[in-house]
Amino acid sequence: MAEEPSQLSDFDGRYEDPADDPLFDFDEDDPDRANIFARKELLKVGHVPESGRIVGRDGEIKAVAAELRPIVRGDPPNNVIIYGKTGTGKSLVARHVTERARRAAESNGVSVGTVYVDCAQHNTQTRVARTVTRSLNETDETDFDIPRAGIGSGEYYDYLWEILDTAYESVIIILDEVDRLDDDDILMQLSRARESGKADCHLGVIAVSNKIEYRDQLNERVKSSLREEEFVFQPYDANQLREIMKHRRDAFHDGVLSDDVIPLTAALAAQEHGDARKAIEILRHAGELAERENVETVVEEHVRDAQEWAEIDRFEELLRGSTTQVKFILYSLALLTEENPNEDGFSTNRIYERYQATTEKADAKTLSEHRVYELLKEQAFLGVVESTRTGGGRGEGSYLEHRLVQDTGIVLKSVLRDSRLEDLA
Ligand SMILES: Nc1ncnc2c1ncn2[C@@H]1O[C@H](COP(=O)(O)OP(=O)(O)OP(=O)(O)O)[C@@H](O)[C@H]1O
């Protein structure tokens, strides 16, 4: 017998006004609805806070500004590379300082162009050249119609040099996630434009990366032409995170946040990672949990639940793009940790033995011990594993011991989502 259509799925033609559809029924004035958020957009990923809400980075803002300051007098700025872990305010500071430099220079009569390029999206030389050229062309002074497609980086550069000569005295280009570029020639082209007589305009590059070893990968010619100043942004501590969140308190209605919510979120986030983006996400999620429960206030328990959700999410982000082999290794390390709660770390050799048993059970390929060692070191860089050198005993050399940074529960939950590992559980 055919199933009776439910009221919710049988909606065609039932509601004259689609706003009456019960699936999306939303009554702002419903007196029984918990009213948690006043301006939820302040807590959304991708929201760029206005300057009054940027806190805890005064030193970094001043340091980067000092490198750009010459443009205000019409002199060349210095190139800058900003390193730091995710959520430490690198992009925010780069954009904020660039905008202020532009305004200060313009009020001094110096015309400054600024461009922000997300190299994770625009990861080839042609894409970056196109983005830079097309955004700087938005000016009354040049009258170019620059094609979206069909020309290569060389032709975009030709347009670019002309635009720079015609329209600007200085240009600042922010290359965010610069390590995602498949070719570092673009850095060379930009940093040598004036020196090589291609453009008369001063060009400053602010490169942003969360890979501290990025500079070592650059070729020598690029390094010597960049001659940049480097800054490393440290993760935020609990006080800074608390201030960052306090400056977004108005995302919530008055009286909704119980007093311990922001300090607790800050303390948990500082202990785990010092990532402001994640801290703000935990706060938002805690509010959503309260909303879902239809209660009036956000309390400690909501924060603790939101924190667990955020940890799994963050761990999965860290793992995104990792191979199944990496997951076998992490799975083995998680089991070792659970079985030996009194031990602090495990040698590569012990992890390797466990890993061999795991791959055999899963009927998967087994990598060499050396390769497993390299993959563990890679995970240490990502912040998934912590590797420390131990002294070794008498007559023994020193060796690396590895431990998981995250809770084994979170690691197991995440890696077991990979279909090749599911059966191991
Ligand atoms: N000092 C700060 N004051 C206020 N909000 C901040 C601060 N630092 C970071 N944030 C918030 O965290 C978000 C992430 O910051 P940002 O994008 O600058 O980090 P990032 O270091 O560039 O990270 P990633 O490497 O992941 O791109 C920002 O959009 C902002 O909402």
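Refer to the structure printed above.
Residues numbered from 1 in each chain as written. Predicted model: local features only at pLDDT ≥ 70, side-chain atom pairs only at ≥ 80, totals over all residues. Heavy atoms only, no water.

> Explain the site of the ligand to me, and be specific about the residues and the numbers.
Surrounding the ligand, one finds 21 residues, the nearest of these being Val55, Thr86, Lys90, Ser91 and Tyr236. Between the ligand and His47, the relevant distance is 3.3 Å, taken from an oxygen atom to a main-chain nitrogen or oxygen of the residue. Protein contact buries 91% of the 630 Å² of open area that the ligand shows by itself. Elements represented by at least two residues in the shell around the ligand include exactly α2 (90–107) and α10 (276–293). Classifying every residue of the shell around the ligand gives eight nonpolar, seven polar and six charged. Composition of the shell around the ligand by domain shows at least three residues from each of domain 1 (35–40 + 239–318) and domain 2 (57–233). (Near = heavy atom within 4 Å. Polar contact = N/O pair within 3.5 Å; in protein donor to acceptor, adjacent residues only side chain to side chain. Areas by Shrake-Rupley, 256 points an atom, 1.4 Å probe, with all protein chains shown as cover. Helix = DSSP H or I, 4+ residues; strand = E, 2+ residues; numbered from the N terminus. Nonpolar A, V, L, I, M, F, W, Y, C, P; charged D, E, K, R; others polar. Domains from an automatic or database assignment.)

> Could you give an account of a nonpolar patch on the surface, naming the residues involved and the relevant values?
Among the surface-exposed residues, Ile212, Val232, Phe381 and Leu382 lie close enough to one another that they form a single nonpolar patch of about 310 Å² accessible area. Summarising the element assignment, Val232 is placed in strand β5 (residues 229–233). (Patch = residues over 30% accessible without salt bridge, like charges linked within 9 Å, V, L, I, M, F, W, Y side chains within 5 Å. Salt bridge = Lys/Arg side-chain N within 4 Å of Asp/Glu carboxyl O.)

> A description of the packing of helix α8 (residues 238–246) against helix α9 (residues 261–272) should follow, citing residues and the corresponding values.
As a packed pair, α8 and α9 sit with axes 8 Å apart at the nearest point and diverge in direction by 135 degrees. With respect to α9, the element α8 is oriented oblique. Relative to α9, the crossing made by α8 is right-handed. Contacts between α8 and α9 pair Ala238, Leu241, Arg242, Met245 and Lys246 from the former with Ile262, Pro263, Thr265, Ala266, Ala267, Ala269 and Ala270 from the latter. Classifying every residue of the contact of α8 with α9 gives nine nonpolar, one polar and two charged. (Axes fitted to C-alpha atoms, helices over the stretch in contact; angles between N-to-C directions. Parallel < 35°, antiparallel > 145°, perpendicular 65-115°, else oblique. Left-handed = near helix turned anticlockwise from the far one by under 90°. Contact = heavy atoms within 4.5 Å.)

> Tell me about the sheet that holds strand β8 (residues 399–404), and name the residues and values.
Read from one edge of the open sheet, three strands run β6-β8-β7, paired in antiparallel fashion. Two strands in the sheet have a free side with no partner beyond their single neighbour: β6 (346–347) and β7 (385–390). Both β7 and β8 contribute to a ladder of six bridges, which runs antiparallel. The residue bridging Thr388 from the neighbouring strand is Glu401, located in β8. (Pairing = 2+ DSSP bridges.)

> Requested: an account of the pairing of strand β1 (residues 80–84), with residues and values cited.
Burial within β1 is extensive, with five of its five residues counted as buried. The alternating pattern of β1 places Val80, Ile82 and Gly84 and Ile81 and Tyr83 on opposite faces, both of which are buried. Of the strand pairs in this sheet, β1 and strand β4 (residues 202–209) are connected by four bridges, and their pairing is parallel. Bridging across to β4, Ile82 finds its partner in Val208. Two strands pair when backbone bridges link them, and β1 and β5 are joined in this way by five bridges, in the parallel orientation. Among the inter-strand pairings, Val80 is bridged to a residue of β5, identified as Glu229. (Buried < 20%, exposed > 50% of the residue type's maximum accessible area, 1.4 Å probe, protein only.)

> Could you give an account of a negative patch on the surface, naming the residues involved and the relevant values?
Negative charge collects at one region of the surface, where Glu155, Asp158, Glu162, Asp165 and Asp200 lie side by side. Looking at the secondary structure, you find Glu162 in helix α4 (residues 153–167). (Lys, Arg positive; Asp, Glu negative; His and termini not counted. Charge placed at Lys NZ, Arg CZ, Asp CG, Glu CD.)

> An account of the packing of helix α12 (residues 324–339) against helix α14 (residues 369–382) is requested, with residue identities and associated values reported.
For the pair α12 and α14, interaxial distance at closest approach is 11 Å and the crossing angle is 85 degrees. If you check the angle between α12 and α14, you find them roughly perpendicular. Judged by residue contacts, Val326, Ile329 and Leu330 of α12 engage Val372, Leu375, Leu376 and Gln379 from α14. In terms of residue class, the contact of α12 with α14 is built from six nonpolar, one polar and no charged.

> Let's hear about helix α13 (residues 348–362): which residues, and what values?
Over its 15 residues, α13 extends 20 Å from the first C-alpha to the last, a length consistent with the 21 Å expected when each residue adds 1.5 Å. The inward-facing, buried residues of α13 contact α12, β6, α14 and β8. The first or second residue beyond α13 is Asp363, which carries a positive phi of 60 degrees. (Expected span 1.5 Å × (residues − 1).)

So yeah, pure geometry; function would need other evidence.
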